[in-house]
Amino acid sequence: VAAVCDNYAGAFNRARTLAPQAATLEDYRRVLDLPDVQAVFVATPTHLHKQIVLDAVAAGKAVYCEAPIAHTVEDAREIALAGKGSKSVFQVGLVQRADPLAQQVIKFIDADAVGALVQARAQYNKRNSWRRAASTPEREKALNWRLSKAISTGIAGEAGIHQIDLISWFSKTLPVSVTGYGGILGWPDGRDTPDTVQALIEYPKSMYLNFAGTLVSSFDNVNETLMGVNSAIFMRGGRGWMVKEADSPALGWEVYARKEPAQGETGIALVANATKILDMGAKPSATAAPAVTEDEYTHYSVAEFVMAVRKKTKPAAGWKEGFESTVSAIKVNEAIVTGTKITFQKNWFEL
């Protein structure tokens, strides 16, 4: 780490314990002026991404921008166009695109083990008010940007975007409509963004994603379910299980696979990095992967970015994936806040 930049000097104390050799700077433009800096991570509040990203791309730096890339479609389009025209790596932090399990699951989907997708569910349940205390009113307002609907994309955008992106990636389609609603049910503290939300997102061929999220309860935590005509896949904490329908075609290899209880059924354990496990002399069918934390998802994504910069390869989530998922999440949040149905327009996704 060459430099750590923040406009609040108090953040540098923690940074120095993590990266003691790094320069600490309050103006991001000074970072972009450093010739030895190859790549930058833009991890500011969502509504502050745009100018930093545009300047970083103009400076010839490789850029990793957190998802969502912006809080408005207009800003997202400017960022995506900059990423499209960049001669360096441009990656968006859609962290599940780099997750070994998700990369394994999409292979099963492409091999038709799941069959045509008919329905999906995703939920984000974490008891966390998102409110942070600070020493001054100005600093507190800056820290609590997620609680203001004027600049926040809400639960659907700031958290659910990863799951919405996952379903769009797996189904190889984009949403066509969304109906949503939400409310402030557990944290009536002056915020105007809902702390509990529901959205029904329609995809082509009448496939639906039911997204639900709350900051009030952690019950059942974070997970995703895909249901197809041949089988269903349940994903949770970096682990996955495939539950086959009784009349689905035989896959051949499932008789050798590890079987585990999954949602009241017997599921085939989907093990990420199966090839690596075989190389180490172990059996994937006997290897139970540990649960993965949010930090580990980020680790996979950051590692992919570093390798993409070094080897000049294309990341799994670039400007196009980042733009499409940001537009999707912004409109899902808009439907939730307004309590209405929104029909997606094709030109919203065009650059």
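Caption draft 1: Examining the packing of aromatic side chains more closely. For the structure shown, the criterion picks out 7 aromatic pairs. Between F41 and F305 the ring centres are 5.2 Å apart and the planes differ by 70°, which places this aromatic pair in the edge-to-face class. A residue pair is termed long-range when its members are at least 10 positions apart, and F41 in strand β3 (residues 39-42) and F305 in helix α10 (residues 294-311) qualify at 264 residues. Residue F41 is classed as partly exposed on the basis of its relative accessible area, which comes to 45%. When its relative accessible area of 1% is taken as the criterion, F305 is described as buried. Between the aromatic rings of F234 and W241, the centroid separation amounts to 6.0 Å while the plane-to-plane angle is 25°, which identifies the pairing as stacked. Here F234 and W241 have matching classes, each one buried. Directly above the aromatic system of Y28 lies the positively charged group of R29, at a separation of 5.9 Å from the ring centroid. Here R146 stacks its cationic end above the ring of W130, 5.9 Å away from the centre of that ring.

Caption draft 2: Up close: the sheet that holds strand β5 (residues 90-93). Read from one edge of the open sheet, 3 strands run β3-β4-β5, paired in parallel fashion. Of all the strands in the sheet, the pair left with one neighbour each is β3 and β5. With strand direction ignored, the average angle separating the axes of adjacent strands in the sheet is 15°. Sheet contacts for helix α3 (residues 49-58): β3, β4 (62-66) and β5; angle to β4, the most-contacted strand, approximately 165°.

Caption draft 3: Fine view of the side chain of S325. Relative to the elements of secondary structure, S325 occurs in helix α11 (residues 319-338). On the accessibility criterion, S325 (6% relative accessible area) is buried. At 2.5 Å, the side chain of S325 forms a polar contact with the side chain of D165. Residues within four places of S325 in sequence aside, it is in contact with L94, I161 and D165.

Caption draft 4: Structural context of α3. H49, I52, V53, A56 and V57 are the residues of α3 that are buried. Axial view of α3: buried residues confined to an arc of 130°, hence all on one face. Positioned one or two residues after α3, G60 has a phi angle of 80°, which is positive.

Caption draft 5: Local environment of unusual backbone geometry. Residue P68 follows A67 across a cis peptide bond; omega there is 0°. With phi around 70°, D112 is a residue other than glycine that occupies positive phi space. Within the secondary structure layout, D112 lies in the loop between α5 (100-110) and β6 (117-125). Owing to a relative accessible area of 47%, D112 belongs among the partly exposed residues under this scheme. The phi dihedral of N221 falls on the positive side, at around 55°, and the residue is not glycine. Within the fold, N221 resides in the loop between β9 (207-214) and β10 (222-228). Judged by its relative accessible area of 30%, N221 falls in the partly exposed class.

Analysis parameters
Residues numbered from 1 in each chain as written. Predicted model: local features only at pLDDT ≥ 70, side-chain atom pairs only at ≥ 80, totals over all residues. Heavy atoms only, no water. Phe/Tyr/Trp six-rings, centres within 6.5 Å; stacked < 30°, edge-to-face > 60°. Helix = DSSP H or I, 4+ residues; strand = E, 2+ residues; numbered from the N terminus. Buried < 20%, exposed > 50% of the residue type's maximum accessible area, 1.4 Å probe, protein only. Lys NZ or Arg CZ within 6 Å of the ring centre and 35° of its normal. Pairing = 2+ DSSP bridges. Axes fitted to C-alpha atoms, helices over the stretch in contact; angles between N-to-C directions. Contact = heavy atoms within 4.5 Å. Polar contact = N/O pair within 3.5 Å; in protein donor to acceptor, adjacent residues only side chain to side chain. Arc of directions from axis to C-beta.

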